[in-house]
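Fold and geometry: a report
Below, each chain spelled out in residue letters.
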Protein chains: 2
Amino acid sequence: MVDEPPPVIWARLSTQGRGPARTLDHAAITAVAVALADADGVDAVSMRRIAGRMDHSAMALYRHVGSKDDLTELMYDAVLGELDLTGIPSGRWRDDVARLARETRRLHHAHPWIARFGHRPTLGPHARRFSEAGLACVDGLGLDIDGMLDLLSTAMAFTRGFVEQELGEVEAQRRTGLDFAAYQRRTGPFLAKLLDEGEHPYLERLIVEAEDFPDPDVVFERRLEMVLDGLTARIDRATDGTR
Amino acid sequence: MVDEPPPVIWARLSTQGRGPARTLDHAAITAVAVALADADGVDAVSMRRIAGRMDHSAMALYRHVGSKDDLTELMYDAVLGELDLTGIPSGRWRDDVARLARETRRLHHAHPWIARFGHRPTLGPHARRFSEAGLACVDGLGLDIDGMLDLLSTAMAFTRGFVEQELGEVEAQRRTGLDFAAYQRRTGPFLAKLLDEGEHPYLERLIVEAEDFPDPDVVFERRLEMVLDGLTARIDRATDGTR
DNA sequence: TCGGGTCGTTTACGATGTACATTTCTGGAC
DNA sequence: GTCCAGAAATGTACATCGTAAACGACCCGA
């Protein structure tokens, strides 16, 4: 009587039954989609284009992925598989969390489109592997599961936010075809006018006093250390309380 | 000889000159676009739909905004204008930064589409106001401008990342038309199977031990405190060095 | 007064996601 | 060995998208 809820994509990955031998599968489709997104940006990922690369019709894909939304979830999880988690957890939580953060950042740089989807936390195999590894890193520190989640999620939230700001630049560059120099040429006159008006003291200090081309890796490490210090404080507080 | 660089949108906001009296302007267009995005999601924002609401043709908008990309930048800055920055800076940096974080989060909840654009830092008036206020909060703590930027950017990166995770759920709900309960119904059987296999100890602990419906505001505050502790450590280190 | 620039419209093009109907193939039941 | 339910893939079609191009209506400064 009541509609069966359509199962989540991960429970629906098809298997061979009756019918013609399949010439497509979700993994291959996902791989092509990822390659397309990497090469030409997320807007270049269209069902027709994916199908074209695989010498199939667009509609053939729907036999395997359900919808484009499903496909993005598959793409996201596929790419999580590239995370290198060997040797995690090591027993040194701070090193581990830092490594997870660096790996996450590296992944976003390799696939700048990752953050462009709004997802529920996916239940894909690689996402699960990541969660398990992450929580293992912050286990045994005297925190309950909510506390552990606080540590991990805070570090990851910082990382996501940092990376997103970084990638705003990169993505805009690709989208508009304007590199940073061209952007500065475009921006320059307006910026000069703003500074002339003298209403933006901090903007002025940023231009005059700030380091000109800071190494983004160094900046990331420096700020990550701050966040990790915050986590340390939390752990200390929890352990003091029970000591 | 060489092409003039087309000026940045903020330098191009048109003023009345020769020609028919204008019946449109960028502010009105932006307002309608924001309203549309709020009501029906960012995918509902199309030039035709905006124009329709204003009883104009789609192409009329292009007299005022140049491109849809420009429009998103206008939308973003417009919405930044809703930030309440009264009384900032107060002289208590920690309170101020916390308030900026809360305000930012509030803004993202009011306009869940904000993070879906990848932007360069915009030069719009409200973005400038926000930067100035933010940096003012962390001035006078004995840090140079790069250090100040570290404090502010770290707190904001955390906030963005946190909010984005929160909103993944909300946006997916709107996009798919499935509320959380329906999602759980869909997910449930698969999740049960996973737990049965016993390969996901932490996933299991999350379900069994973690607080069931944590208040997101409380979680945010708790994690924000951790980040602010990290900033404090950084400030202390800087001041110790010079003392 | 009138020419040139501004505002808005109309028409058009090549995309997009995907619903629907159709054809082509095959594994398992008899 | 035969046959057919059902799966795989295709082709066609529709509504919608961003925006280029050509055009007429308007109005200010010369």
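Computed from a predicted structure; not experimentally measured. (Residues numbered from 1 in each chain as written. Chains lettered and ligands numbered in written order. Predicted model: local features only at pLDDT ≥ 70, side-chain atom pairs only at ≥ 80, totals over all residues. Heavy atoms only, no water.)

Bringing the domain arrangement of chain A into the picture now. All names here are of chain A. Segmenting chain A into domains produces domain 1 (9–79) and domain 2 (84–177 + 211–242). Distance from the C-alpha centre of domain 1 to the C-alpha centre of domain 2: 29 Å. At the junction of the two partners, domain 1 supplies 15 residues and domain 2 supplies 15 residues. When domain 1 packs against domain 2, the two sides together hide about 1,400 Å² of surface, and 68% of this comes from carbon and sulfur. (Domains from an automatic or database assignment. Contact = heavy atoms within 4.5 Å. Buried area = accessible area lost by both parts, 1.4 Å probe.)

Bringing the pattern of salt bridges into the picture now. For the structure on display, the rule yields 28 salt bridges over all chains. A salt bridge links A:Arg105 to A:Glu166; its shortest N-O distance comes to 2.8 Å. Highlighted residues: A:Arg105 in helix H5 (residues 93–110) and A:Glu166 in helix H7 (residues 145–176), separated in sequence by 61 residues. For the pair shown, A:Arg105 and A:Glu166 are each scored as buried. Here B:Arg106 ties to B:Glu103 by a salt bridge, and the two come within 2.8 Å at their closest N and O atoms. One end of the pair, B:Arg106, and the other, B:Glu103, are both in helix H5 (residues 93–110), three residues apart, so they sit about a helical turn from each other. Accessibility expressed as a relative area gives 13% for B:Glu103, which makes it buried. Salt bridges here are not isolated pairs; linked through shared partners, they connect A:Arg94, A:Glu225, A:Asp229 and B:Arg237. (Salt bridge = Lys/Arg side-chain N within 4 Å of Asp/Glu carboxyl O. Helix = DSSP H or I, 4+ residues; strand = E, 2+ residues; numbered from the N terminus. Buried < 20%, exposed > 50% of the residue type's maximum accessible area, 1.4 Å probe, protein only.)

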